[in-house]
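Architecture at a glance
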Amino acid sequence: QVHLVESGGGLVQAGGSLRLSCAPSGRTSSTYAMAWFRRAPGKERETVAAISWYGGSTYYADSVKGRFTISRDNTKNTMYLQMNSLKPEDTAVYYCAARRAAGWSATDHGYDYWGQGTQVTVSS
């Protein structure tokens, strides 16, 4: 069965950078939008960023605008989240998700595939 695998998480000092990657395992639909979500300790899951199948449309949470960049390389079936100027408040488990549609959703509604999550910890 299709599932997603995240990588690239870890521990970083405030102001540092990390790049997360997400790739599917198994056969996927030829068209799917993708997104990053995160869950901080004691908080509900929130949408971080999303990207359409063709990459021309993106969404960012206000809290990460100007610091995070979502991208994808469909020839490699891989999505990335470049995180710069990291803050302690960015500490969370980050999840990759995909949905069988060209357009993204700003909520977790309709996402078909999920990763197991990767921990990002930002120290002050």
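Residues numbered from 1 in each chain as written. Predicted model: local features only at pLDDT ≥ 70, side-chain atom pairs only at ≥ 80, totals over all residues. Heavy atoms only, no water.

1. Looking at the nonpolar core
A general trend in soluble globular proteins is that nonpolar side chains are found buried together. Condition: Note on terminology: a nonpolar core comprises buried Ala, Val, Leu, Ile, Met, Phe, Trp, Tyr and Cys residues joined through side-chain atoms within 4.5 Å. The rule is simple: take the accessible area with a 1.4 Å probe, protein chains only, and divide by the maximum for that residue type; under 20% is buried, over 50% is exposed, in between is partly exposed. Strands here mean DSSP runs of E at least two residues long; helices mean DSSP runs of H or I at least four residues long; both are numbered from the N terminus. In what follows, residue pairs with any heavy atoms lying within 4.5 Å of each other are defined as contacts.
Residues Trp36, Leu81, Met83 and Tyr94 are the most contacted members of the largest nonpolar core, which totals 28 residues. For this core, the elements supplying multiple residues, two or more each, are strand 3 (18–25), strand 4 (33–39), strand 5 (46–51), strand 7 (68–73), strand 8 (78–83), strand 9 (92–99) and strand 11 (118–123). Residue contacts for Leu81: discarding those within four places in its chain leaves Leu18, Arg19, Leu20, Trp36, Val48, Ala49, Phe68, Thr69, Ile70 and Tyr94. Phe37, Ala50, Tyr95 and Tyr111 belong to the second largest nonpolar core, which has 6 residues in total.

2. Section: the packing of aromatic side chains
What counts here: Only Phe, Tyr and Trp rings are paired, with Trp represented by its six-membered ring, and only when their centres lie within 6.5 Å; those with planes under 30 degrees apart are stacked, over 60 edge-to-face, the remainder tilted.
What the rule picks out here adds up to 5 aromatic pairs. Ring geometry for Phe37 and Trp114: centres 5.0 Å apart, planes at 40°, overall tilted. Of this pair, Phe37 sits in strand 4 while Trp114 is found in strand 10 (residues 113–114), placing the two residues 77 residues apart along the sequence. A relative accessible area of 25% places Trp114 in the partly exposed class. Taking 5.5 Å as the distance between ring centres and 40° as the angle between the ring planes, the aromatic pair formed by Tyr59 and Trp104 counts as tilted. Placement of Tyr59 in strand 6 (residues 58–60) and of Trp104 in the loop between strand 9 and strand 10 is noted, with a sequence separation of 45 residues between them. Taking relative accessible area as the criterion, Tyr59 reaches 26% and is therefore assigned partly exposed. When its relative accessible area of 27% is taken as the criterion, Trp104 is described as partly exposed. Through successive ring pairs, a cluster of aromatic residues spans Phe37, Tyr111 and Trp114.

Function-wise, these values are silent; they only describe arrangement.
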